Each structure stands twice: as C-alpha cells, then as structure tokens.
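Here is how the chains run, residue by residue.
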Amino acid sequence: MHARLTPGTVIHQLASLLRRLPASCGPVRLIGVDGHAGSGKSTFAGRLARALGGAPVLRLDDIASHDELFDWTERLLAQVIEPLSHGETAHYSPYDWHARRFREPVPLPPAPVVLVEGVGAGRRALRPYLAFLLWMDLPRAESWARGRSRDGKELREFWDGWVEAEQKHFSVDPSRPFADALVRQCAKGYELRPGPAGTMETDQLLTLSEGLSAMW
C-alpha cells in the first residue's frame, strides 16, 4: 500500500517523521528535495516548510548562476554546509537571474530542520549531510514541458541550454537512485512511495490522522 491523501495530511505526517530523524549536519536535519526542473519542487518544499513550523528553505536557484548552472558545489559547501555543521548561522549570496549578479549575503540559521530544494539537492557531495532525500517523481519530459509553459517564450533559449545541462549533470551525478522517498503529485494531493535507497523500518512509517497505516 501507499499513502495518497490531501496535501495537508501527507505533508504534516511527513513533517512529523522528519522532525524525529537524527541530525545530519551539526544540529540540523538537512532535507533534500530534488527532481527535474518543473517537477513541483518549490511548491512542495514550501508546503512542507509551513508544516514544519516555518522551516528555512535554501533554494538552489539562489546558489546557481548563468555561469554555474551546476558547478556550485564548493560555494555551497563553504557558504552553507560548513557553518551549519558547526551549529553556526550560514550566510550565502543569492543570485539575481535578471540582473545577472549575486546580491548581498542573507542568513540561514541552524534550525532543527532545513530544506534544500532544487535540481541537484541530492548530489554526491551533499548526500553525506542529508538526513533524508525526497525526489519529485515526475518524468523529465513532463517536468520540462511544465517548466517551459510556466516560464514562457522569453526563456525558451535559456530552457534549451538548461535541458542539456541538466541531462549532463544527472548522467554523471544522479539523485533519484539515492532518494529515501518518492513524491508524486496527483489530481488531489500527493502520493508518497519508498525511494530506491529507502531504509525505513515498518515502525517508522507514517501514521495517518484517520487512524490508518500508510504503508509505502
């Protein structure tokens, strides 16, 4: 069986589970939300953050840039992971995609749970610091079509370059095989399934508010 409920029910039960995980980056439970561009990561991460009582969300669109669509690992480790691993507030410079420059640094506190959302959140260099990795399980062609439709004709050229860069990234550093859980958006709500790397025991499975057991 699997869980298919309203967005609030699934996400609040998931939030409860994530709070109980051991810290993975200093005092922080770092949660990755990965998937193809256009797969719904930002919306899901936002809802999950609210269910976690306002957990901070690091959006990898703020870390990447036109010149470094995926080659931002060292900057992320230095600006974010290193300070959080010591229980310190991180400071990173968000990238302005319109002005094509990095803005002034903003703080990211070592909260009990911090979400890292974006393509590449489950990359090899980041996985040792993750307490849990979620993959938005929407096929890449459908994801990209949604993204192109969302962004319009003015970003058509950017999307052409992005698709090529994303394919190259995932060909050498895939995330989905290491996901603890797969998230699928349905007509109403979300569906959660075990990920390829899921290691959760039966007693760790979500318990639904209706009193049912949500088996993966």
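Residues numbered from 1 in each chain as written. Predicted model: local features only at pLDDT ≥ 70, side-chain atom pairs only at ≥ 80, totals over all residues. Heavy atoms only, no water.

1. Regarding the overall build of the protein chain
What counts, and what does not: In this text, helices come from DSSP runs of H or I with a minimum length of four residues, and strands from runs of E with a minimum of two, each type numbered from the N-terminal end. Buried, partly exposed and exposed residues are distinguished by accessible area as a fraction of the type maximum, computed with a 1.4 Å probe on protein chains only: under 20%, between the cut-offs, and over 50%, respectively. Note on definitions: a residue-residue contact is assigned when non-hydrogen atoms from the two residues lie within 4.5 Å. The Shrake-Rupley method, run with a 1.4 Å probe, gives the accessible areas here. Residue values count only the displayed protein chains as cover.
When you go through the protein chain residue by residue, the secondary structure sums to five helices and eleven strands. Buried residues in the protein chain amount to 49% of all 216 residues. Within the protein chain, counting contacts between residues at least 6 apart in sequence, those at least 24 apart form 69% of the total. Total accessible area on the protein chain is roughly 10,800 Å²; 51% of this is exposed by carbon and sulfur atoms.

2. Here we look at the environment of Leu115
If you trace the backbone, Leu115 turns up in strand S8 (residues 113-117). Taking the C-alpha atoms as reference points, Leu115 and Ile31, separated by 84 residues in sequence, lie 4.8 Å from one another. Excluding anything up to four places from it in sequence, Leu115 contacts Ile31, Ala45, Leu48, Ala49, Leu52, Pro56, Val57 and Leu58.

3. Let's talk about the side chain of Glu166
Stated precisely, the cut-off is as follows: A positive count includes Lys and Arg, and a negative count includes Asp and Glu. His and the chain ends are not counted in either. Think of a salt bridge as a Lys or Arg side-chain nitrogen and an Asp or Glu carboxyl oxygen that are within 4 Å of each other. Polar contacts, as used here, are pairs of N or O atoms within 3.5 Å; protein pairs need one atom able to donate a hydrogen and one able to accept it. Residues neighboring in sequence count only if both atoms are side-chain atoms.
The topology assignment puts Glu166 in helix H5 (residues 156-172). Despite its burial, Glu166 remains without a salt bridge, the nearest opposite charge being carried by Lys41 at 6.6 Å. A distance of 2.6 Å separates a polar atom in the side chain of Glu166 from a polar atom in the side chain of His36. Side-chain polar atoms of Glu166 contact the side chain of Trp162, separated by 2.7 Å.

4. Overview of the nonpolar core
Side chains of a nonpolar character, in soluble globular proteins, are inclined to be buried together. For clarity, the cut-off: Grouping buried Ala, Val, Leu, Ile, Met, Phe, Trp, Tyr and Cys residues that are joined through side-chain atoms within 4.5 Å yields what is termed a nonpolar core.
Core analysis: the largest hydrophobic core is formed by 34 residues, its most contacted members being Leu30, Leu58, Leu76, Val80, Leu84 and Leu108. Elements that contribute at least two residues to this core include exactly helix H3 (73-85), strand S4 (90-92), S8, strand S9 (130-136) and H5. The biggest single contributor to this core is H5, with five residues. Contact partners of Leu30, with chain neighbours within four places excluded, come to Ser24, Cys25, Ile81, Leu84, Val114, Val116, Leu126, Tyr129, Leu130, Ala131 and Phe132. By size, the runner-up hydrophobic cluster in this structure holds 25 residues, among which are Val33, Ala49, Leu115 and Ala181.

5. A short note on the pattern of salt bridges
Tallied over the entire structure, the rule returns eight salt bridges. In this structure, Arg59 engages Glu117 in a salt bridge whose closest nitrogen and oxygen atoms are separated by 2.8 Å. With Arg59 in strand S3 (residues 57-59) and Glu117 in strand S8, the pair connects residues that are 58 residues apart, well separated along the chain. Put simply, Asp173 and Arg124 hold a salt bridge, and the shortest N to O gap is 4.0 Å. Residue Asp173 is found in the loop between H5 and strand S10 (181-185), and its partner Arg124 is found in the loop between S8 and S9; the two are separated by 49 residues along the sequence.

6. Here's the deal with helix H2 (residues 41-51)
Looking only at H2, the buried set comprises Lys41, Phe44, Ala45, Gly46, Leu48, Ala49 and Ala51. Once H2 ends, the next one or two residues include Gly53, with phi positive near 80°.

7. Comments concerning the packing of aromatic side chains
Keep this limit in mind: Pairs were defined over the aromatic rings of Phe, Tyr and Trp, the Trp ring being its six-membered one, requiring ring centres within 6.5 Å. Orientation was assigned from the angle between planes: stacked under 30 degrees, edge-to-face over 60, tilted for the rest. Two conditions define a charge located above a ring, namely a distance within 6 Å from the ring centre to NZ of Lys or CZ of Arg, and an angle within 35 degrees of the ring normal.
In total, this model carries five aromatic pairs according to the counting rule given. Put simply, the rings of Tyr95, Trp97 and Phe102 touch in pairs and so form one group of aromatic residues. The ring of Phe178 has Arg127 lying over it, and the distance from NZ or CZ to the ring centre is 3.6 Å.

8. Some words on the confidence of the model for the protein chain
Selection rule: Each residue gets a pLDDT score, which is the predictor's confidence in that residue and runs from 0 to 100.
In the predicted model, the protein chain carries a mean pLDDT of 85, and 84% of its residues have values of at least 70. Below a pLDDT of 50 lies the segment residues 1-7, which in the model reaches 25 contacts outside its immediate sequence neighbourhood of four places, other chains included. Within the model, the stretch residues 201-216 combines pLDDT values under 50 with 33 contacts to residues more than four positions away or in other chains.

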